[in-house]
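Chain by chain, the residues run as shown.
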Amino acid sequence: MNAPLLRPSRRGFFHQACACGALAATGAWPLSAWTAEGARTTLTAHQALARLKQGNDDFLANRLPPDPPDHARRRLELARSQTPFAVLVGCSDSRVPPELLFGAGLGELFIVRNAGNTVDTVALGSIQYGVNVLGAPLIVVLGHERCGAVDAAVSVVQKNAVYPGSIGQMIEPIIPAVLKARSGGAKEDELLDQAVRENIRRTVMRLRESEPSLIEPQRAGHLRIVGARYDLDDGKVDFIVE
Ligand SMILES: [Zn+2]
């Protein structure tokens, strides 16, 4: 029963993966062709960012769209291809679901999530796929207030805490953000939030300077990489790195 349903999406993935492989086979990304030849969003980075800000304003005001989304129709429109307008690097935290915070629908956000919104090789590859293959003009790194992963990194730094299994390894990339926040003079009760902000800034900077496939479209004005912090109490997303 499941197999016939899986086949079309597997074909779709491999079709797109082939496009990826053809680009990679040249030995480097052909920078003049920084996106795939297929359809991509018509939004610019500036428009994509404005759309997210408007979506968060609507979320804050509890405003629902005038016409409820027709998920069945939209699902069929998107079944063969996608043209997301933003790549979002967010935390796995159940209170921070990007589509809800930004009032986004099916096919609009290409999301990479892990606890602490860090970027390892797998995440970086996913981000590049969203930009270079799917043509998203905007990357948003979204951290949030009272992040448990950042709090764990604070505990490692302040109390030599040890976490079981792979958790310690997962939070390692966050530790430099905690150290920077601490060396910047953050008081005990401010350290977690300063580390959250620093973790967002560091991830944005890393992406901005990561690889030619992301650097070149920024230079050409086709891509923006920004950072934002979500406030759990009031629901507002502040774009702290633009
Ligand atoms: Zn978190």
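Naming follows an unreviewed UniProt entry, where the chain appears as carbonic anhydrase of Azohydromonas lata. Per UniProt, the chain has the following entry under Sequence similarities (unreviewed entry): "Belongs to the beta-class carbonic anhydrase family." Word for word, the UniProt comment on the chain under Catalytic activity (unreviewed entry) is "hydrogencarbonate + H(+) = CO2 + H2O".

### Side note on the overall build of the chain
Scanning the chain from N- to C-terminus turns up 10 helices and five strands. Contacts in the chain between residues far apart in sequence, at least 24 positions, make up 71% of those at least 6 positions apart. When the accessible surface of the chain is split by element, carbon and sulfur atoms take 54% of a total near 13,300 Å².

### Points about unusual backbone geometry
Backbone geometry at Asn117 places phi at a positive 40°, although glycine is not the residue there. You can see Asn117 is positioned in the loop between β2 (109-113) and α5 (121-133). Backbone geometry places Arg146, a non-glycine residue, at a positive phi of 50°. Relative to the helices and strands, Arg146 is located in the loop between β3 (138-144) and α6 (148-159).

### With respect to the nonpolar core
Judged by nonpolar contacts, the single largest core of 40 residues is most densely connected at Ile127, Ile139, Leu207 and Leu214. Listed by contribution, the elements that provide at least two residues to this core are β1 (86-90), β2, α5, β3, α6, α8 (175-183) and α9 (188-208). Other than its neighbours up to four places away in sequence, Ile127 contacts Val87, Val89, Val112, Val119, Ile139, Leu207 and Leu214. In this structure, Leu49, Phe85, Leu142 and Val226 belong to the second largest nonpolar core, which totals 20 residues.

### Details of the pattern of salt bridges
Enumeration over the complete set of coordinates arrives at 16 salt bridges. In this structure, Arg146 engages Asp233 in a salt bridge whose closest nitrogen and oxygen atoms are separated by 2.8 Å. Of this pair, Arg146 sits in the loop between β3 and α6 while Asp233 sits in the loop between β4 (224-230) and β5 (237-241), placing them 87 residues apart in sequence. Under the relative-accessibility criterion, Arg146 is labelled partly exposed at 43%. Notably, a salt bridge pairs Arg229 with Asp231, separated by 3.6 Å at the nearest N-O pair. The same class applies to Arg229 as to Asp231, namely buried. It is possible to trace a salt-bridge network through shared partners that takes in Glu145, Arg146, Asp193, Arg197, Arg229, Asp231 and Asp233.

### Here we look at the layout of surface pockets
Quantified by volume, the largest pocket comes out at close to 710 Å³. If you trace the largest pocket, you find 26 residues lining it, with Pro65, Pro69, Gly103, Ala104 and Gly105 closest to the centre. Sorting the residues of the lining of the largest pocket by element identifies α2 (45-60), α3 (71-78) and α4 (98-101) as the ones contributing at least two each. Looking at the lining of the largest pocket, the element that brings in the most residues is α2, giving six residues.

### A closer look at the coordination of the zinc ion
The zinc ion binds to the protein through Cys91 (SG), His144 (NE2) and Cys147 (SG), with metal-donor distances spanning 2.0 to 2.3 Å. In terms of primary sequence, the donors binding the zinc ion are separated according to C-x52-H-x2-C. Taken as a pair, Cys91 in the loop between β1 and α4 and His144 in strand β3 lie far apart in primary sequence, 53 residues in all. Summarising the burial analysis for this pair, Cys91 and His144 share the class buried.

### Some points on the environment of Gly130
Looking at the secondary structure, you find Gly130 in helix α5. Considering only alpha carbons, one finds Gly130 and Phe85, 45 residues apart in sequence, at a separation of 9.2 Å. In this view, Gly130 contacts Val87, Phe110, Gly135 and Ala136; residues no more than four positions away in its chain are not counted.

### Overview of the sheet that holds β4
Consider a sheet: its strands pair through backbone hydrogen bonds, and that pairing is either parallel or antiparallel. Taken in spatial order, the five strands line up as β2-β1-β3-β4-β5 in an open sheet, and their pairing is mixed. Both outer strands of the open sheet, β2 and β5, are each paired with one neighbouring strand and no more. The mean angle between the axes of side-by-side strands here comes to 30°, regardless of whether they run parallel or antiparallel. With respect to the sheet, α9 is in contact with β3, β4 and β5, its orientation differing from that of β4 by roughly 165°.

Rules and cut-offs
- Residues numbered from 1 in each chain as written.
- Predicted model: local features only at pLDDT ≥ 70, side-chain atom pairs only at ≥ 80, totals over all residues.
- Heavy atoms only, no water.
- UniProt positions renumbered as here; feature names shortened; annotations may be inferred.
- Helix = DSSP H or I, 4+ residues; strand = E, 2+ residues; numbered from the N terminus.
- Contact = heavy atoms within 4.5 Å.
- Areas by Shrake-Rupley, 256 points an atom, 1.4 Å probe, with all protein chains shown as cover.
- Core = buried A, V, L, I, M, F, W, Y, C linked by side-chain atoms within 4.5 Å.
- Buried < 20%, exposed > 50% of the residue type's maximum accessible area, 1.4 Å probe, protein only.
- Salt bridge = Lys/Arg side-chain N within 4 Å of Asp/Glu carboxyl O.
- 1 Å grid on protein atoms, 1.4 Å probe; cavity = no way out; pocket = protein on both sides within 12 Å on 5 of 7 lines; lining within 4 Å.
- Points joined across faces, edges and corners; volume = space filled by probe spheres on them.
- Donors = N, O, S within 2.8 Å, 3.2 Å for Na, K, Ca; no water.
- Pairing = 2+ DSSP bridges.
- Axes fitted to C-alpha atoms, helices over the stretch in contact; angles between N-to-C directions.

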